[in-house]
Amino acid sequence: MRNAEPRIASLVPSITELLLALGLGPWMVARTGFCIHPAADVAAIPKVGGTKDVNLDKLRRLAPSHVIVNPDENRRETAEALQAFVPELIVAHPQGPEDNLVLLDQMLQHFGHLPGVQARAEPLRSDLQASLERCRQQAWPGERVLYLIWREPWMTVARDTYIARMLAEVGWQTWPEQLGGDTGAARYPQLRGDEPWLQQIDRVLLSSEPYSFDTSHLPLAQALCPQARVQLVDGELLSWYGPRASQGLDLLRRLAAERAQGVQTGRTTKTG
């Protein structure tokens, strides 16, 4: 398909944003309703349902040459159905922040021949490499972190997820001490709320997605982990691939530095 004009569909919100950052908007023919950034650019791209409930009939009518999917975002049966009518099914599955460099290479392999794409990729690559280096150039005091993505029931992330590996760049170890595997529900463990280790958590992060945590949830999380500092965080910065990865690493570095400075000066803050 390299010599033909591609017709690209992205079923992964963060990768839709990456494709647009690479200047691929003119070749995009479909996205999900959760592909919302950047708003002005995605408005012109037809929606084909959600990440978990893709309208396959509509997508088929749009005749994509390339469809991009992700094991965490999309269902296996969706990917299998797409193989029946999509010439190129691209599976993108970054496992940690450094894998965004691999993701860039993957997109360039398919679309790097299009005008301006290679040039736009270089600053994205440089920004990510610089953010990783800023995180890794110092030794961070370790913290036990509970990263919450849902409530009723409380849900968090396993240690082999992209989010957990982002946090690890500043020395934050997620709990529970569990690996979830490449796919499936085990990647996002449910909590009973009475696990003994909750008493030893240093920091609770309430993500803005997929559950929209707000200030009303701070006391609930504080009760769950009485000794922890509880904070709201931008989940898109910490879980989205592509352009946001660099920003997410910089955010973590600032938060970790604030904590380290507070410990050195004797200041502590539990909520906020």
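Residues numbered from 1 in each chain as written. Predicted model: local features only at pLDDT ≥ 70, side-chain atom pairs only at ≥ 80, totals over all residues. Heavy atoms only, no water.

## Thoughts on the sheet that holds strand β7 (residues 203-207)
Strand pairs in the sheet, formed through backbone hydrogen bonds, run parallel or antiparallel to each other. Rules: By the convention used here, strands pair only if DSSP detects at least 2 bridges between them. Under the scheme used here, helices are H or I runs from DSSP no shorter than 4 residues and strands are E runs no shorter than 2 residues, and both carry numbers assigned from the N terminus. Helix axes are fitted to C-alpha atoms over the stretch in contact, other axes to C-alpha atoms as well, and angles between N-to-C directions run from 0 to 180 degrees.
An order of β6-β5-β7-β8 is seen for the 4 strands of this open sheet, with the pairing classed as parallel. At either margin of the open sheet sits one strand with a lone partner, and together these are β6 (172-174) and β8 (229-233). Mean inter-strand twist for the sheet, computed between neighbouring axes without regard to direction, equals 35°. The pairing of β7 with β8 spans 5 bridges and is classified as parallel.

## Describing the layout of surface pockets
Keep this limit in mind: Any residue with an atom within 4 Å of a point lines the site, the site being either a cavity, points on a 1 Å grid over the protein atoms alone where a 1.4 Å probe fits but cannot get out, or a pocket, an open set with protein on both sides within 12 Å along at least 5 of 7 lines. Grid points are joined across faces, edges and corners, and a volume is the space filled by probe spheres set on the points.
Here the largest pocket is characterised by a volume of approximately 1,300 Å³. Taken together, 38 residues line the largest pocket, and the ones lying closest to its centre are K52, D72, E73, N74 and Y188. Counting only elements with at least two residues in the lining of the largest pocket, the list comes to α1 (13-21), α4 (76-82), α7 (162-168) and α9 (235-239). Top element by residues in the lining of the largest pocket is α4. It accounts for 4 residues.

## Brief notes about the confidence of the model for the chain
Definition in use: Predictor confidence is given residue by residue as pLDDT, running from a minimum of 0 to a maximum of 100. Only heavy atoms matter for contacts: two residues are in contact if any of them lie within 4.5 Å across the pair.
Averaged over all residues, the pLDDT of the chain is 93; the fraction at 70 or higher stands at 94%. Contacts from residues 263-272, a stretch scored under 50 in pLDDT, to residues over four places away or in other chains number 14 contacts.

## Looking at the packing of α1 against helix α5 (residues 99-111)
When two helices pack together, their arrangement is given by the angle between their axes and by how far apart the axes lie. To keep things clear, this is the line we draw: Angles are sorted into four bins: roughly parallel if under 35 degrees, roughly antiparallel if over 145, roughly perpendicular if 65 to 115, and oblique for all others. Working rule for handedness: look at the near helix, and if it is turned counterclockwise from the far one by less than a right angle, call the crossing left-handed; if clockwise, right-handed. Just so you know the grouping, Ala, Val, Leu, Ile, Met, Phe, Trp, Tyr, Cys and Pro go in nonpolar, Asp, Glu, Lys and Arg go in charged, and all remaining residues, Gly too, go in polar.
Between α1 and α5, the shortest axis-to-axis distance is 12 Å and the interhelical angle comes to 60°. With respect to α5, the axis of α1 lies oblique. Viewed along their axes, α1 and α5 form a crossing whose handedness is right-handed. Across the interface between the two elements, I15, L18 and L19 of α1 pack against L103, L104, M107 and F111 of α5. Of the residues belonging to the contact of α1 with α5, the class tally is 7 nonpolar, no polar and no charged.

## Structural notes on the sheet that holds strand β1 (residues 8-10)
The strand order β2-β1-β3-β4 describes an open sheet built from 4 strands, whose pairing is parallel. Since the sheet does not close on itself, it has two edges, and those belong to β2 (28-31) and β4 (88-91), each with one partner. On average, each strand axis in the sheet is tilted by 20° relative to the strand beside it, whichever way the strands run. Sheet contacts for α1: β1, β2 and β3 (66-69); angle to β1, the most-contacted strand, approximately 140°. This element, α5, spans β1, β3 and β4 of the sheet and lies at about 170° to β4.

## What to know about the packing of aromatic side chains
Applicable threshold: Classification of ring pairs rests on two measures: the distance between centres of Phe, Tyr or Trp rings, Trp counted by its six-membered ring, which must be within 6.5 Å, and the angle between planes, read as stacked under 30 degrees, edge-to-face over 60 and tilted in between.
Counted under the stated rule, the structure contains 5 aromatic pairs. Aromatic side chains W150 and Y211 sit 5.3 Å apart centroid to centroid with 80° between the ring planes, which places their arrangement in the edge-to-face category. With W150 in the loop between β5 (143-148) and α7 and Y211 in the loop between β7 and α8 (218-224), the pair connects residues that are 61 residues apart, well separated along the chain. When the ring of Y211 is compared with that of F213, the centres are 4.7 Å apart and the planes differ by 45°; the resulting orientation is tilted. Here a set of aromatic residues connected by ring pairs shows up, and it is made of W150, W154, Y211 and F213.

## Regarding the pattern of salt bridges
For the record, the criterion: A carboxyl oxygen of Asp or Glu within 4 Å of a side-chain nitrogen of Lys or Arg is what we treat as a salt bridge. Under the scheme applied here, a residue whose accessible area is under 20% of the maximum for its type counts as buried, over 50% as exposed, and between as partly exposed, the area being computed with a 1.4 Å probe on protein chains only.
Per the counting criterion, the structure on display carries 13 salt bridges. Here R136 makes a salt bridge to E169, at a shortest N to O gap of 2.8 Å. Remark: E169 occurs in the loop between α7 and β6 and R136 occurs in helix α6 (residues 117-136); sequence separation between them is 33 residues. Using a relative accessible area of 14% as the deciding quantity, one classes E169 as buried. Close ionic contact of E152 with R151 constitutes a salt bridge, the shortest N to O distance being 3.5 Å. Of the residues examined, E152 reaches a relative accessible area of 66% and is grouped as exposed.

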